[in-house]
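Geometric and topological summary
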Amino acid sequence: MEDQIGAPGSGISRRDFVKASGLGGTVALAGCTAPGEVPTEESVDTSTTPAQSDSDLPTTSPPEIVNVDEQGGEVTLSSVPAKHEAHPGESMGGPVELPKVWAFKADDGEPSVPGPILRTTEGEDMEVTFDNTDGMRPHTVHFHAVQKQWEDDGVPTTTGIRIDPGQKHTYTIPANVTGTHLYHCHYQTHRHIDMGMYGIFRVDPKGYEPADKEYFMTLKEWDSRLNRQMAGMDASYDARNRRPDTFTINGKAAPRTLHPEDGSPIIVEQGDTVRIHMCNNGYMDHPMHIHNHRFQVTHKDGGKIPEAARHDQDITSIPPAGRHTIEFEADADPGIYLAHCHKVSHAMNGNSYPGGMVTGVVYKEAMDTDIFKELMDYAGYEA
C-alpha cells in the first residue's frame, strides 16, 4: 500500500496530511470444468445457509491498486470469507456492518470490498488466475468492455468453464479497450456481487497523462439480509424482493468515507485538476452530486466523449455497471464540500441522516480547521 491518504489514486502523502491537519494517528490500513460439460448455476451453491463458523473471519481492508504491468502482466485473485465494517463507529447511525462478505484479494494482499483495482496499459495482456484451491463454492471472473476469447468471458452457462472448489483457472484478458471498467464473479451473479465479489479494472491509454489528483470510487447498495443470513444470523433474504439498507462508496458508509486511511475523501489543493473514475457495481442508479464545483464527464463506459459534446454539470447519474470519469478544477473557496448520491435515502445509515453514500471534497488548506477535526472524530480517526 502506498504511503498515501484519501481515496485510491494519487492523493497527498500521509506526511503532508499530518502537516496540514495537525493530526497524528496510527496507520489503520488496512483446472476447470471442461468445455462441453456445461454446468448449471443451480447445480452447486443453491443454499444461502452459512458453510462455516464465522467467529474467526478476517476483517476487510481498503482496496489496493495493483499495477499488473509491474508484475509481468500476471495477477492471482482469490475469494476470502471476511467481515466488512462499512462504518465501525457509533456516530451518525453506526455501527454499519456486513457480518459476512466474500472478498477478492490479489496475490498475497489483504482481502477487500471492493476488490483490488487492477491497472494495466493499452496493448498489454493480463493473465488473471483465479485460485479457488481453498474455496468453498464455485466462482468465475468476468471482465467488462475488453474483447477477449470466448472461453475467457467468465460465464459458466455459455463457456462451460466454472472454477469449482479445489480448482484454479487462468483467463487471458487483453487490454484492448482503454478506460475504466468492472470485473465481478459471474456465477450466481445476483448473489455473488451482493456478497462483495466486484472490483475496478483500469486500462490506461498509451501516453496517458494523469491529472494532479486522480481517484477511483466504487458505488454499491446492499441488502444486508443476505450478508446476515450467510453469517448464520436470523435473517431471510429474497433476491426477488431486494431491499437495500446499506449504501457505500469504496465499501464505506459516511462518516467513515471521510476517514483519511480507511475511507475515500477526495483530497485536493487549490488549483488542482481533479479526475475521478466513478463506477457503479450495484443494481440501482446513483445520481452523484458534488457541491460547489462544476465538472465535465469526459468518459462513459470506456468511451471518450468528444469535447464538443461535453458540458459543465454538478450531477451525473450512473446506471448499474456504468462508469463515468469526471474532471474539474479545484477552484472553490478552500473548504469541505459534500459529494453524494442525490437519492437522499441513499445518504442515510438506517434512519440517521447524513450517512451512507456520502463523501467529500476536502481542500488541504481546510484541514487545520475545527470542523475538519470534528469530522475526523465522527469518522473514527484517532489522532
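Above: the structure in question.
Fair warning: this is a prediction, and the values are worked out from it, not measured in the lab. All residue numbers refer to position in the chain's written sequence, counted from 1. Given that the model is predicted, a residue must reach a pLDDT of at least 70 before its local features are reported, and side-chain atom pairs must reach 80 or more before they are shown or counted; all residues, however, enter totals for whole chains, interfaces and linings. Where side-chain values are given, they derive from all heavy atoms of the structure, hydrogens and water being excluded.

**A look at the environment of Glu 382**
Rules: Numbering of helices and strands starts at the N terminus; helices are DSSP runs of H or I of at least 4 residues and strands are runs of E of at least 2. Throughout this description, buried means an accessible area under 20% of the type-specific maximum (1.4 Å probe, protein chains only), exposed means over 50%, and partly exposed covers the range between.
With respect to the helices and strands, the residue Glu 382 is situated in the segment after α5 (370-379). Note on Glu 382: relative accessible area 64%, which makes it exposed. Each C-alpha atom of the pair Glu 382 and Asp 370 lies 15 Å from the other, and the pair is 12 residues apart in sequence.

**Let's talk about the sheet that holds strand β10 (residues 213-222)**
Where strands meet in a sheet, backbone hydrogen bonds hold them as pairs that are either parallel or antiparallel. Put simply, the rule reads: The pairing criterion is simple: DSSP has to find at least two bridges between the two strands.
Taking strand neighbours across the sheet as the criterion, the 6 strands line up as β11-β10-β13-β18-β15-β16 in an open arrangement whose pairing is mixed. Looking at which strands have only one partner, the edges of the open sheet turn out to be β11 (246-249) and β16 (303-304).

**Description of the packing of aromatic side chains**
Spelled out, the test is: Two aromatic rings from Phe, Tyr or Trp, using only the six-membered ring of Trp, form a pair when their centres are within 6.5 Å; if the ring planes differ by under 30 degrees the pair is stacked, by over 60 it is edge-to-face, and anything between is tilted. Counted as over-ring charges are cases with an Arg CZ or a Lys NZ within 6 Å of the ring centre that also lie within 35 degrees of the ring normal.
Enumeration according to the criterion identifies 6 aromatic pairs in this entry. For the cation-ring pair, Arg 202 lies above Tyr 208, with the distance from its terminal atom to the ring centre recorded as 4.9 Å. Above the face of the Tyr 283 ring, Lys 220 is positioned so that its terminal group lies 5.2 Å from the ring centre.

**Observations regarding helix α1 (residues 14-21)**
Heads up, the rule is: Working note: the arc is built from the helix axis to C-beta atom directions. Only heavy atoms matter for contacts: two residues are in contact if any of them lie within 4.5 Å across the pair.
Of the residues making up α1, those classed as buried are Arg 14, Phe 17, Ala 20 and Ser 21. Looking straight down α1, one finds that the buried residues subtend no more than 130 degrees of arc, so they occupy a single side. With respect to the buried face of α1, the exposed residues turned more than 90 degrees away are Arg 15 and Lys 19. In this fold, the buried residues of α1 make contact with α5. Following α1 by one or two positions, Gly 22 adopts a phi angle in the positive range, close to 75 degrees.

**Structural notes on the nonpolar core**
Note the following rule: By nonpolar core we mean a set of buried residues, namely Ala, Val, Leu, Ile, Met, Phe, Trp, Tyr and Cys, connected to one another through side-chain atoms within 4.5 Å.
Among the nonpolar cores identified, the biggest contains 42 residues, and Phe 17, Ile 266, Ile 276 and Ile 290 are the most heavily contacted of them. What Ile 276 contacts, discounting residues up to four positions off in sequence, is Tyr 215, Met 217, Ile 266, Ile 290, His 324, Thr 325, Ile 326 and Phe 328. Within the second largest apolar cluster, 28 residues are counted, among which are Phe 130, Met 195, Leu 226 and Tyr 237.

**Examining the pairing of strand β17 (residues 315-318)**
The alternating pattern of β17 places Thr 316 and Ile 318 on a buried face and Ile 315 and Ser 317 on a face that is not buried. Examined bridge by bridge, strand β14 (residues 286-290) and β17 share 4 bridges and lie antiparallel to one another. By the bridge assignment, Met 288 is partnered in β17 with Thr 316.

Treat this as a map of the structure, not an account of what it does.
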